[in-house]
Amino acid sequence: MKITKQYIKELIAEELTKTEVRELIDAAIDKKEKQLKKDLPKELKKELEKALKSKDVKEDVGEIAKKVIKKLYKDLSFHHPYIIDRIKI
């Protein structure tokens, strides 16, 4: 294979084009990531507010909290009764 001046120019132009395309893609991805990081908390907050207004979700959260409190109380009373004894009324 004979390396000519024209062939070298084509290779350089091709590499520059690849590099430019990569840079453009990277810049676009970075821009979208920044936008997503900025908008994601707002959207999550909106969706959570909608979900938490639902009566079913409130009841589910209440039931889970009750189960956790019951298990915590049971564990404390059996394994660490001194903690309960230290509570002042």
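Check the entry above for the structure.
Notes on the structure in this doc start here. Keep in mind it's a predicted model, so treat the numbers as computed, not measured.

1. Notes on the pattern of salt bridges
In the structure shown here, the tally under the stated rule is 3 salt bridges. For glutamate 47, the salt bridge goes to lysine 50, with nearest N and O atoms at 3.7 Å. Pair noted here: glutamate 47 and lysine 50 are both in helix 1 (residues 5-53), with a separation of 3 residues, about one helical turn. For glutamate 47, a relative accessible area of 45% translates into the label partly exposed. Among the salt bridges present, the one from glutamate 63 reaches lysine 66, with a minimum N-O distance of 3.7 Å. Here the residue glutamate 63 and the residue lysine 66 both occupy positions in helix 2 (residues 55-79), the gap between them amounting to 3 residues, near one helical turn.

Cut-offs and rules
- Here, residues in each chain are numbered from 1, in the same order as that chain's written sequence.
- Residue-level local features of this predicted model are given only where pLDDT is at least 70; pairs of side-chain atoms are given and counted only at 80 or more, and the full residue set underlies all totals for whole chains, interfaces and linings.
- Only hydrogens and water are removed before side-chain values are computed, so all heavy atoms of the structure are retained for them.
- By convention in these notes, a salt bridge is any Lys or Arg side-chain nitrogen within 4 Å of a carboxyl oxygen on Asp or Glu.
- The helix count covers DSSP runs of H or I at least four residues long, the strand count covers runs of E at least two residues long, and both are numbered beginning at the N terminus.
- For every residue, the accessible area (1.4 Å probe, protein chains only) is compared with the maximum for its type, and the residue is labelled buried under 20%, exposed over 50%, or partly exposed between those bounds.

By themselves these figures say nothing about function.
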